[in-house]
Amino acid sequence: MREDSATRDATTYACIDPQQRAAATIIAKQDCILAGLGAVSRIFEVFAQLDGTVVSHAEVTTHPEIFDSVRLHKGQQVAVIRHNARVILSCERVILNILQRMSGIATLTKKFVDVIAGTHARILDTRKTVPGLRVLDKYAVRCGGGHNHRLDLSDGVLIKNNHIALAGGIAAALERAHRNRRGEQPIEIEVRSFAEFDEALKNGAEAVLLDNMKVETVKQCVARAGEHNRRVPLECSGGINLENVRGYAETGVDYISVGALTHSPVAVDMSLRVVPA
């Protein structure tokens, strides 16, 4: 809201009477999975806090069957807003930006979830999110049926290639992680080959990320993990898209992480139509 200077809307200030009331309808212009509906009321609350002069409250109404994670069809009404006309116009762009991005993430996530239906695997997000919007991005993934990986760097130990290189190898990195981790934080390590996977298992990895491996190599890793004397969750990532994700899911991995869910979703097309109230 500060970025958009919403409380200093020059056009609305110049053209709209300060006492004018309006009704605005948010409409989905394509089929999609809805996410972010609760943000609409919150955006008006934030505007009121920033502005300091707003005395009325926004009335945001929706059909009982419209809520986050619901599939919307083209032309379907999302919500109706009744409020001061100036406030609606000043908040319009932020409302649409949030709804369109979050619904885009949820819609893309649902496509991945649907493709792997019937397998053991679950779709995970990553930390490849828009700065400042991670909580919203990850919530949108949940709306699409996906699951959240680490929220931030404090959530667990995930040893990646650069950590391995600086620590002196897989065995050394795992030894240090077991010695220095805080409490019961899980230790996951990223590997790029079957040989690295085998080394990670032998040195106490509690979960393994299979990075940029071919489907056949992932199958080998799953089989090798089955021979191990303890259950080690397996995750695969890297180069995974809607065309090949089913193949990876059928290998028997537990998780498939997809950075594209949050780093390159296509925003859903929505509009906000305003009329005098």
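Below, the structure is looked at part by part. (Residues numbered from 1 in each chain as written. Predicted model: local features only at pLDDT ≥ 70, side-chain atom pairs only at ≥ 80, totals over all residues. Heavy atoms only, no water.)

### Notes on the overall build of the protein chain
Counting its secondary structure elements, the protein chain contains 10 helices and 12 strands. Taking the principal axes of its C-alpha atoms as reference, the protein chain extends roughly 70 × 40 × 25 Å. Taking all 277 residues of the protein chain together, 44% fall into the buried category. Considering only contacts in the protein chain between residues 6 or more positions apart, those separated by 24 or more positions represent 75%. Put simply, the protein chain shows about 14400 Å² of open surface, and 50% of that area lies on carbon and sulfur atoms. Charged side chains of the protein chain number 34 positive and 32 negative; the gap between the two group centres comes to 1 Å. (Helix = DSSP H or I, 4+ residues; strand = E, 2+ residues; numbered from the N terminus. Buried < 20%, exposed > 50% of the residue type's maximum accessible area, 1.4 Å probe, protein only. Contact = heavy atoms within 4.5 Å. Areas by Shrake-Rupley, 256 points an atom, 1.4 Å probe, with all protein chains shown as cover. Lys, Arg positive; Asp, Glu negative; His and termini not counted. Charge placed at Lys NZ, Arg CZ, Asp CG, Glu CD.)

### A closer look at the pairing of strand β9 (residues 207-211)
Of all 5 residues in β9, 5 are buried, a share of seventy percent or more. As paired strands, strand β8 (residues 187-191) and β9 are joined by 4 bridges and run parallel to one another. Bridge assignment links Ile 189 to a residue of β9, and that residue is Val 208. Remark: the β8/helix α7 (residues 194-202)/β9 crossover connection has right-handed handedness. Both β9 and strand β10 (residues 234-237) contribute to a ladder of 4 bridges, which runs parallel. Across the sheet, the residue bridging to Asp 211 is Ser 237, located in β10. (Pairing = 2+ DSSP bridges. Right-handed = clockwise from strand over helix to strand, strands pointing away.)

### A short note on helix α3 (residues 85-115)
Spanning 31 residues, α3 covers 44 Å between terminal C-alpha atoms, matching the ideal 45 Å at 1.5 Å per step. Most of α3 sits out of view: 22 of its 31 residues are buried. Where α3 begins, the side chain of Asn 84 points an oxygen toward the backbone nitrogen of Arg 86, at a separation of 2.9 Å. (Expected span 1.5 Å × (residues − 1). Polar contact = N/O pair within 3.5 Å; in protein donor to acceptor, adjacent residues only side chain to side chain.)

### As for the packing of helix α2 (residues 37-51) against α3
The contact between α2 and α3 brings their axes to 10 Å, and the two run at 140°. One element, α2, and the other, α3, form an angle in the oblique class. As for how α2 packs across α3, the hand of that crossing is right-handed. Only Val 87, Ile 88, Ser 90, Cys 91, Val 94, Ile 95, Ile 98 and Leu 99 of α3 make contact with α2, whose side of the interface consists of Leu 37, Ala 39, Val 40, Ile 43, Phe 44 and Phe 47. A per-class count over the contact of α2 with α3 returns 13 nonpolar, 1 polar and no charged. (Axes fitted to C-alpha atoms, helices over the stretch in contact; angles between N-to-C directions. Parallel < 35°, antiparallel > 145°, perpendicular 65-115°, else oblique. Left-handed = near helix turned anticlockwise from the far one by under 90°. Nonpolar A, V, L, I, M, F, W, Y, C, P; charged D, E, K, R; others polar.)

### Describing the state of the cysteines
Summed over the entire model, instances satisfying the criterion amount to 0 disulfides. Looking at Cys 236, it has no disulfide partner, and the nearest cysteine sulfur is the one in Cys 221, 10 Å off. (Disulfide = S-S within 2.5 Å.)

### Let's talk about the sheet that holds β10
Read from one edge of the open sheet, 6 strands run β6-β11-β10-β9-β8-β7, paired in parallel fashion. Here the strands that pair on one side only, and so sit at the sheet edges, are β6 (122-124) and β7 (157-159). For this sheet the average axis-to-axis angle between neighbouring strands, irrespective of direction, equals 25°. Each of β7 and β8 touches helix α6 (residues 170-180); the most contacted strand, β8, lies at about 165° to it.

### Thoughts on unusual backbone geometry
Unlike most non-glycine residues, Ser 69 shows phi in positive territory, near 90°. Mapped onto the elements of the fold, Ser 69 is located in the loop between β3 (59-61) and β4 (71-72). Taking the relative accessible area as the measure of exposure, Ser 69 reaches 37% and is therefore partly exposed. Positive phi outside glycine occurs at Asn 212, with the angle close to 55°. Along the chain, the position of Asn 212 falls in the loop between β9 and α8 (215-226).

Fair warning: the whole summary comes from geometry, so function is off the table for now.
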